[in-house]
Structures are given as C-alpha cells and as structure tokens.
Amino acid sequence: MKHALLAIIIAFVGYSVLNISLAGQKIGLETAEKKRSRGIFIWITATAGTTIAAFIVLYAVSLGSVALVGAMAGTGLVSLALFSRFVMKEKFGARELTGVVIVIIAAFLIGGFTSRYTLRDINIVMLVVFLGLVIVLYVIMIVLLHGKREFAGIIIGGFSGALGGFIPMFQKISTSDIGENAFFFKVPSGNGSKLNINASGSFPGLFYRLLEVFANPYAAVWIFLSIISVIVVQFAYKKDQAIRVIPAFSINYILVPIIGGVLVFKEELHLLQWLGVVLILTGMLLITVKSAGIKNARQ
C-alpha cells in the first residue's frame, strides 16, 4: 500500500515534468523563429526534461502497477496549468480552475482505493500484438487523413502519446525478473538486484541497479520509444497549435498503459479508480480545450 501511494506521488512528479517540458519544446520552436540560439537552448533544455521525466516514471512503475501509473498521466496538466498561471502570468479562468480541482479529486480517488500491488503476470506476446495494432491503426489514420490539415496535428500528436504510453509497460518488464534474465551482458553483483524503495541508497548499489535496468532489451525498447515519441510530437507541433496537440498526446498517454496494464499484466483497478480515470480525462480537457491562458503558454 505504501509503495503504491509513493508510486502515485512519483508519477505525478514525473508527468508534471513531462507536460511542462512538452510546453517548453513548443515555446523553443516558436522562439527559434525569432531568436534561433535562444530557441534552440529552450528546446534542448525542455527535451532534456522529457528524458528526466521518463526516468522518474520508471521509478514510479517499479513501485506500482502500470495501469495505476498510467492513470496519473493527466495529473501533470495541473502542474502545467499552475506553471502557466503563476510563472508565465497567463490568465487562469473558472474553466481551468474547475479542471484542476477535478483532477486533484480524481488523484485522491485513485490513491484512496489503491491496494497492495503484486505483479501477477506478463504477457509479452500480447504486448507486441497491442503495440503492432496501435501502430497500424495510427498509420492507417494518417494515410486516410493525409491532406486534411485540421486533423494532422491531433492524429500525429495522438500517435506520439500512444507510443509514449507503451514506455511504462516496457519499463515494468525491464525491472522485472524477465528483464533481468534477458540481459545483453552479465551484470556484476552489487548492493541490490532491483530498482525498489527497499534497496540500498548507496552509490555502488544504485549503479548496479541502474546497470541491471539497462542490461536488457526491454530497456532498449522503452528508450527507443521515448526518442521516437519526442521526434513524432515535433511534427505535430508544426501541424497544429499545442493546445490541440497536447490533449491528444495526453489522452493516448493515459489510456494506452491502462489498457495495457489490464491486457498485458492482468492488473485490476477498483470501480472508483476507473471513475478517477474518467475524471482525470474530463479535468484534462477542461484545462486545455479552448483555454486561452494555456494556449498562450504553449504557443
């Protein structure tokens, strides 16, 4: 129970860093058109932020279920909204405030009905099939809607989010016994075998645990997906405003790991936790769709 709640908190931090970094990438691209060096610096810094976010989420996934961590993806928009209001001094209306309150309530709802997590099963075949189906589906949509600019940014942004949604699943496998047994090379024994809260906090122990995480092909896959997701979302930014791109990204980033958690890891969410997921999606849309304040922050 304690680990699951800690996973929720860490996931919130990770997704907050991710959403603010995504906004920073858009700001960097826009700034580069006027001041190239400054814009590139902002973009590189923001991209580094997305990388840091991936490692924070990795830690969250090592503590809790994929579905639970994935459900928290929408909470990062709360931090983005607050960042826009208090740091960038953008307008913050009743609509955004309502969305923030709903997401916070949803987060407490999800956390309040969290039970002790135990990894039940990992269906690698189902994961590969699921990934393949999602890629094929988005490729078909991109082909069918080619030339329709009003949908391009949303579809490409959704595709980026869907690819990113698979990251927690491969992260979970990379920190499991399957990941540790599928190593590229033999990892020397250290002060702990898994990246978890009970392991030693010493530098040698942390070094060996990180080495174990990256010594298997599943880690290589989630790192690759992280890079591809970042690249794909850049194309979406060029097609549409971030106010339309980021919601499409986030919805897929939330739903894919939740579905994958059920299909691949045989995870379960309490009925009220499912209600929390719906509330997070609702609050996310209230914060972003037709939101002048956030729109200015992300353009």
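Residues numbered from 1 in each chain as written. Predicted model: local features only at pLDDT ≥ 70, side-chain atom pairs only at ≥ 80, totals over all residues. Heavy atoms only, no water.

K.L.:
Explanation requested: the overall build of the chain in the structure shown.
P.N.:
Each helix and strand counted, the chain has 14 helices and zero strands in total. Listing the helices and strands of the chain from first to last along the sequence gives α-α-α-α-α-α-α-α-α-α-α-α-α-α. Taking all contacts inside the chain whose residues are at least 6 apart in sequence as the whole, residues at least 24 apart take part in 83%. (Helix = DSSP H or I, 4+ residues; strand = E, 2+ residues; numbered from the N terminus. Contact = heavy atoms within 4.5 Å.)

K.L.:
Whenever I open this one, a nonpolar patch on the surface confuses me. Can you help?
P.N.:
On the surface, a nonpolar cluster with roughly 730 Å² of combined accessible area is contributed by Val125, Met126, Val129, Leu133, Leu255, Ile259, Val262, Leu263 and Trp274. If you list the elements that add at least two residues to the nonpolar patch, you get helix 6 (124-144) and helix 12 (242-265). Among the structural elements, leucine 263 can be located in helix 12. (Patch = residues over 30% accessible without salt bridge, like charges linked within 9 Å, V, L, I, M, F, W, Y side chains within 5 Å. Areas by Shrake-Rupley, 256 points an atom, 1.4 Å probe, with all protein chains shown as cover. Salt bridge = Lys/Arg side-chain N within 4 Å of Asp/Glu carboxyl O.)

K.L.:
Teacher, can you tell me more about the side chain of glutamate 267 here?
P.N.:
Assignment of secondary structure puts glutamate 267 in the loop between helix 12 and helix 13 (271-288). Lacking a salt bridge, the buried glutamate 267 has lysine 172 as its closest oppositely charged neighbour, with an N-O distance of 5.9 Å. Within the structure, the side chain of glutamate 267 is placed 2.8 Å from the backbone nitrogen of alanine 67, a separation counted as a polar contact. (Buried < 20%, exposed > 50% of the residue type's maximum accessible area, 1.4 Å probe, protein only. Lys, Arg positive; Asp, Glu negative; His and termini not counted. Polar contact = N/O pair within 3.5 Å; in protein donor to acceptor, adjacent residues only side chain to side chain.)

K.L.:
I would appreciate a short explanation of helix 7 (residues 149-165) in the present structure.
P.N.:
Owing to its 3.6 residues per turn, the α-helix brings residues three or four apart onto one side. Compared with an ideal rise of 1.5 Å per residue, which puts 17 residues at 24 Å, helix 7 spans 25 Å between its outermost C-alpha atoms and is within 8% of the ideal. Judged by how many residues are buried, helix 7 sits mostly within the fold: 13 of 17 residues are covered. (Expected span 1.5 Å × (residues − 1).)

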